[in-house]
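Architecture and fold: a report
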Amino acid sequence: MAKARGKLRQDWYYRLAKEQGYRSRAAFNLLQLDRRFSFLPTARAVLDLGAAPGGWLQVAVRTATAGAFVVGVDLARIRPIRGAISLKEDIAATSRCSAAVRKLMDSKGVAAFDVVLHDGVGKKNRRKRDGAQKATTRHRQSALVIDAVRLATTFLAPKGTFITKFTGSKDLNAIIFCLKQLFEKVQPYKPIASRIASAEIYFVCLEYKAPAKIQPELFDLNYLFTVSLENKPRDEVETQLRGLCMHESMSYFKRCPASEFVWSEADIRLELVSFFVAISFDDPASLPIKNHELTTTEVVE
Ligand SMILES: C[S@@+](CC[C@H](N)C(=O)[O-])C[C@H]1O[C@@H](n2cnc3c(N)ncnc32)[C@H](O)[C@@H]1O
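In this report, we go over the structure that sits alongside the text. (Residues numbered from 1 in each chain as written. Predicted model: local features only at pLDDT ≥ 70, side-chain atom pairs only at ≥ 80, totals over all residues. Heavy atoms only, no water.)

What about the pattern of salt bridges?
Evaluated as defined, the whole model comprises 6 salt bridges. Here Glu-89 makes a salt bridge to Arg-96, at a shortest N to O gap of 2.8 Å. Between Lys-159 and Glu-207 there is a salt bridge, and its shortest N-O distance comes to 3.9 Å. One end of the pair, Lys-159, is in strand β5 (residues 156-166); the other, Glu-207, is in strand β7 (residues 201-208), with 48 residues separating them in the sequence. Classification of Lys-159 by relative accessible area gives exposed; the value is 57%. Classification of Glu-207 by relative accessible area gives partly exposed; the value is 26%. Via salt bridges that share partners, Asp-119, Lys-165 and Glu-200 belong to a single interconnected network. (Salt bridge = Lys/Arg side-chain N within 4 Å of Asp/Glu carboxyl O. Helix = DSSP H or I, 4+ residues; strand = E, 2+ residues; numbered from the N terminus. Buried < 20%, exposed > 50% of the residue type's maximum accessible area, 1.4 Å probe, protein only.)

Right, dumping it as C-alpha cells:
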C-alpha cells in the first residue's frame, strides 16, 4: 500500500507542477483558491507562513501586482525565488518571527500585508511552546493555525485576506469561532487540486476587521475550545461546511477525475476503479482529455 501511495503522488498535478516550473503541486491549490476568490491580483504585499519549498511563493510572485513585496517564512531554508524574500523562522515562536518580518517590512518601507497565507503542517515542529499555547499532539495542527492567525493580525491591512489550511475536525468549531471574530467573511473551500484522500480544507477569510484591540484569549486554544462549544456557529459557515462534506461524499469522492485515471499507472487505475463510481471531466486538469480527438461523445457518455 505504501508503494501504491508513493505512486499516487505522481499524479497529474504533480506532473503539471514539474512541467510549469512549480516547486510543489500545492501551487495549484493556491491558484484554484485565487481563481475562485481573486485576492492575489490586487495584492501589493503577500506574506506566506510555512512556505517551503516555495510553490505558493512562486504563484504569489506570478499573480500579485508587478513588483509586489512577497515574503515566505519556514522552518526549512527556501531556495531563492526571484521576486520573493525568504526567512528561516518558526511561526510558533510568534514574537521572534514577527520581529524578523517587521524588520524586513521596515527595510522596504512596507506598512502592512494585503494577503497572509498559511499552508503549514505541524509535523516538523518539535520546538517547545510556552504557556497556554503549549501544543499537545492532538492540538498541534490547530495550534499552528492559531499561531498563523496571530501573526496575520499583526501584519494584515484592514480588509486584508487570510488563507489557512485546516486538517482534522476536532478543533473545527474553535478555529471557526476565532476566525469569525476577526474577519467579516469566513468561507471553507476545498480546491479540486487538493488530494481526494486528504482531509485538508482551506478557510478563506476575507475583509480583516482590524480591531483596535484583540483579547489575548482569542489565541488560546483551550479558551477557544470551551467558548466555541457554548457558541457553536450555527451560521452560514457551518451550512457551507455541511455542503462541502455533502459535495465530497456524494459526488467528488465517488467520481474520479479523468486526468487522475488516465495518467495513473495500470495497477493504480485498478484501485481507482474499485473506489470510484464514475469518471468525471469537470476539473480543469481533465479538459485536455475531454477535448482530445480520441474522446468521442460515446466515451464521454
Ligand atoms: C505543505 S508545506 C507548504 C508548501 C507550500 N505551500 C508550497 O507550495 O511549496 C508546509 C510547510 O510548513 C512548514 N512549517 C511547519 N511548521 C512550521 C513552523 N512552526 N514554522 C514555520 N514553518 C513551518 C513546513 O516546514 C513545511 O515546509
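Observations regarding the side chain of Ser-286
Within the element layout of this structure, Ser-286 appears in the loop between β9 (278-280) and α12 (287-290). For Ser-286, a relative accessible area of 0% corresponds to the buried category. A distance of 2.5 Å separates polar atoms of two side chains, one belonging to Ser-286 and the other to Asp-283. Excluding its chain neighbours within four sequence positions, the residues that come into contact with Ser-286 are Pro-257, Ala-258, Ser-259, Ser-280 and Phe-281. (Polar contact = N/O pair within 3.5 Å; in protein donor to acceptor, adjacent residues only side chain to side chain. Contact = heavy atoms within 4.5 Å.)

Remarks on the sheet that holds strand β2 (residues 69-74)
Strands pair in a sheet through their backbones, by hydrogen bonds, and they do so in one of two ways: parallel or antiparallel. Ordered by their spatial adjacency, 7 strands build an open sheet running β3-β2-β1-β4-β5-β7-β6, and the pairing between neighbours is mixed. A single partner strand is all that each edge strand has here, and the edge strands are β3 (84-88) and β6 (183-189). Direction aside, the axes of adjacent strands within the sheet are offset by 15° on average. The pairing of β5 with β7 spans 5 bridges and is classified as antiparallel. Bridge assignment links Lys-165 to a residue of β7, and that residue is Tyr-202. Its contacts with the sheet place helix α4 (residues 55-63) against β1 (45-49), β2, β3, β4 (113-118), β5 and β7, and it is angled at close to 175° to β2. (Pairing = 2+ DSSP bridges. Axes fitted to C-alpha atoms, helices over the stretch in contact; angles between N-to-C directions.)

A word on the state of the cysteines
Tallying each qualifying case throughout the model produces 0 disulfides. The closest cysteine sulfur to the non-disulfide-bonded Cys-178 is located on Cys-205, 8.9 Å from its own sulfur. On the basis of relative accessible area, Cys-178 is assigned to the buried category, the value being 0%. Classification of Cys-205 as buried rests on a relative accessible area of 0%. (Disulfide = S-S within 2.5 Å.)

Looking at the site of the ligand
As a matter of local geometry, the ligand sits amid 22 residues, with Ser-24, Asp-74, Asp-90, Asp-119 and Val-121 nearest to it. Here an oxygen atom of the ligand and a side-chain polar atom of Asp-74 are 2.6 Å apart. In isolation the ligand has 600 Å² of accessible area, and contact with the protein removes 93% of it. Along the lines of polarity and charge, the residues of the shell around the ligand split into 10 nonpolar, 6 polar and 6 charged. (Near = heavy atom within 4 Å. Areas by Shrake-Rupley, 256 points an atom, 1.4 Å probe, with all protein chains shown as cover. Nonpolar A, V, L, I, M, F, W, Y, C, P; charged D, E, K, R; others polar.)

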